[in-house]
Amino acid sequence: MAQIHPSAEVQSDKIGNGTTIWQFCVILKNATIGENCNINCQVFIENDVIIGNNVTIKSGVQVWDGVVLEDNVFIGPNVTFTNDLIPRSKRYPTAFLKTLVKKGASVGANATIVAGNTIGENALIGAGSVVTRDIPANTVWFGNPAKQKGIIDENGKIIYDKNND
């Protein structure tokens, strides 16, 4: 059974066992959240969102329509997802762009993920980075725009590429 703080507004009934949803979260009715997730305070999750198992979403994140977070993903505080490349007030696209964060990837605090991109398995996005393209698996990216700075091995050790300084 999920643990939901009384101040959270959770409209979805698709919340996995062992998931914790903290204060002042809003989760719309068609969102799907897996098991053993930790959804920190002040997180907003829209309808067309799928969140896998063992995902951590830190405070102040909005997960908009079209975002998929696979298993074991970490989303740092105040990460920004987008889903519309040409936003206009009261004018919506026929379909929102899809953004995929693959298994085991981590996105650092205050990063911005531009709509329509995929972050590969176990990739690491540094704090404050702006992701404007697909990110390959097992790579380390940071900056604005984010650039590859190295790789990350299966033990989580970062190996910097001196040619990318």
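Worth saying up front: this structure is predicted, and the values here are computed from it rather than measured. Sequence order as written defines residue numbering, which begins from 1 separately in each chain. The predicted nature of this model means local features are confined to residues of pLDDT at least 70 and side-chain atom pairs, given and counted, to a pLDDT of 80 or more, with totals for whole chains, interfaces and linings taken over all residues. Based on all heavy atoms of the structure, the side-chain values leave hydrogens and waters out of the count.

**Things to note about the overall build of the chain**
In this text, helices come from DSSP runs of H or I with a minimum length of four residues, and strands from runs of E with a minimum of two, each type numbered from the N-terminal end. Summing up its helical and strand segments, the chain has zero helices and 22 strands in all. As a reference, a globule follows 2.2 Å times the number of residues to the power 0.38, and the radius of gyration itself is taken over C-alpha atoms. Over its C-alpha trace the chain gives a radius of gyration of 16 Å, about what one expects of a compact globule, namely 15 Å for 165 residues. C-alpha atoms of the chain, sized along the principal axes, occupy 50 × 40 × 20 Å. With a 1.4 Å probe rolled over the protein chains alone, any residue whose accessible area is under 20% of its type maximum counts as buried; one over 50% counts as exposed, and the rest are partly exposed. Evaluated residue by residue, the chain yields a buried proportion of 39% over its 165 residues. Sequence separation of 24 or more characterises 15% of the internal contacts of the chain that already satisfy a separation of 6 or more. Only the protein chains shown count as cover for residues, and all accessible areas are computed by the Shrake-Rupley method using a 1.4 Å probe. By element, 50% of the accessible surface of the chain is carried by carbon and sulfur atoms, the whole surface being about 8700 Å². Charged-residue counts in this description rest on Lys and Arg as positive and Asp and Glu as negative, His and the chain ends being excluded. We put the charge of a Lys on NZ, of an Arg on CZ, of an Asp on CG and of a Glu on CD. Side chains of the chain carry 14 positive and 15 negative charges; the gap between the two charge centres is 7 Å. The criterion used for residue contact is that any of the two residues' heavy atoms lie within 4.5 Å.

**Side note on the confidence of the model for the chain**
When the pLDDT values of the chain are averaged, the result is 96; 98% of them are 70 or greater. Confidence scores differ between elements of the chain, with strand 22 (residues 158-160) showing the lowest mean pLDDT of 92 and strand 9 (residues 56-57) the highest of 99. As a per-residue measure, pLDDT reflects the predictor's confidence and takes values from 0 up to 100.

**Here's the deal with unusual backbone geometry**
With an omega dihedral of -5°, the bond running from asparagine 144 to proline 145 counts as a cis peptide bond. Residue asparagine 54 is not a glycine yet carries a positive backbone phi of 60°. Within the fold, asparagine 54 resides in the loop between strand 8 (50-51) and strand 9. Backbone geometry at asparagine 78 places phi at a positive 60°, although glycine is not the residue there. Mapping asparagine 78 onto the fold places it in the loop between strand 12 (74-75) and strand 13 (80-81).

**Comments concerning the sheet that holds strand 14 (residues 99-101)**
The parallel open sheet is built from five strands, whose spatial order is 5-8-11-14-17. Either end of the sheet is taken by a strand with one partner, and the two such strands are strand 5 (32-33) and strand 17 (118-119). As paired strands, strand 11 (residues 67-69) and strand 14 are joined by three bridges and run parallel to one another. Bridging from a neighbouring strand, valine 67 pairs with threonine 99 of strand 14. Note on pairing: two strands pair once DSSP finds at least 2 bridges between them.

**Some words on the environment of asparagine 144**
Tracing the backbone shows asparagine 144 in the loop between strand 20 (139-142) and strand 21 (147-152). Spatially, the C-alpha atom of asparagine 144 lies 9.4 Å from that of threonine 112, the residues being 32 residues apart in sequence.

**A word on the pattern of salt bridges**
The working definition used for a salt bridge is a side-chain nitrogen of Lys or Arg within 4 Å of a carboxyl oxygen of Asp or Glu. Per the counting criterion, the structure on display carries one salt bridge. Linking lysine 98 and aspartate 48 is a salt bridge whose minimum nitrogen-to-oxygen distance equals 2.7 Å. Taken together, the residues lysine 98 in the loop between strand 13 and strand 14 and aspartate 48 in the loop between strand 7 (44-45) and strand 8 connect sequence positions 50 residues apart. Accessibility expressed as a relative area gives 38% for aspartate 48, which makes it partly exposed.

**A look at a nonpolar patch on the surface**
Patch membership requires over 30% relative accessible area and the absence of a salt bridge. Like charges are linked within 9 Å, and nonpolar side chains (Val, Leu, Ile, Met, Phe, Trp, Tyr) within 5 Å. There is a patch of nonpolar side chains on the surface, built from Leu85, Ile86 and Leu97 and spanning about 290 Å² of accessible area. Looking at the secondary structure, you find leucine 97 in the loop between strand 13 and strand 14. According to the relative accessible area criterion, leucine 97 is partly exposed, its value standing at 34%.

**A look at the state of the cysteines**
By definition, disulfides here are pairs of cysteine sulfur atoms that lie within 2.5 Å. Counted under the stated rule, the structure contains zero disulfides. With no disulfide partner, cysteine 41 has as its closest neighbouring cysteine sulfur the one in cysteine 25, 6.9 Å distant.

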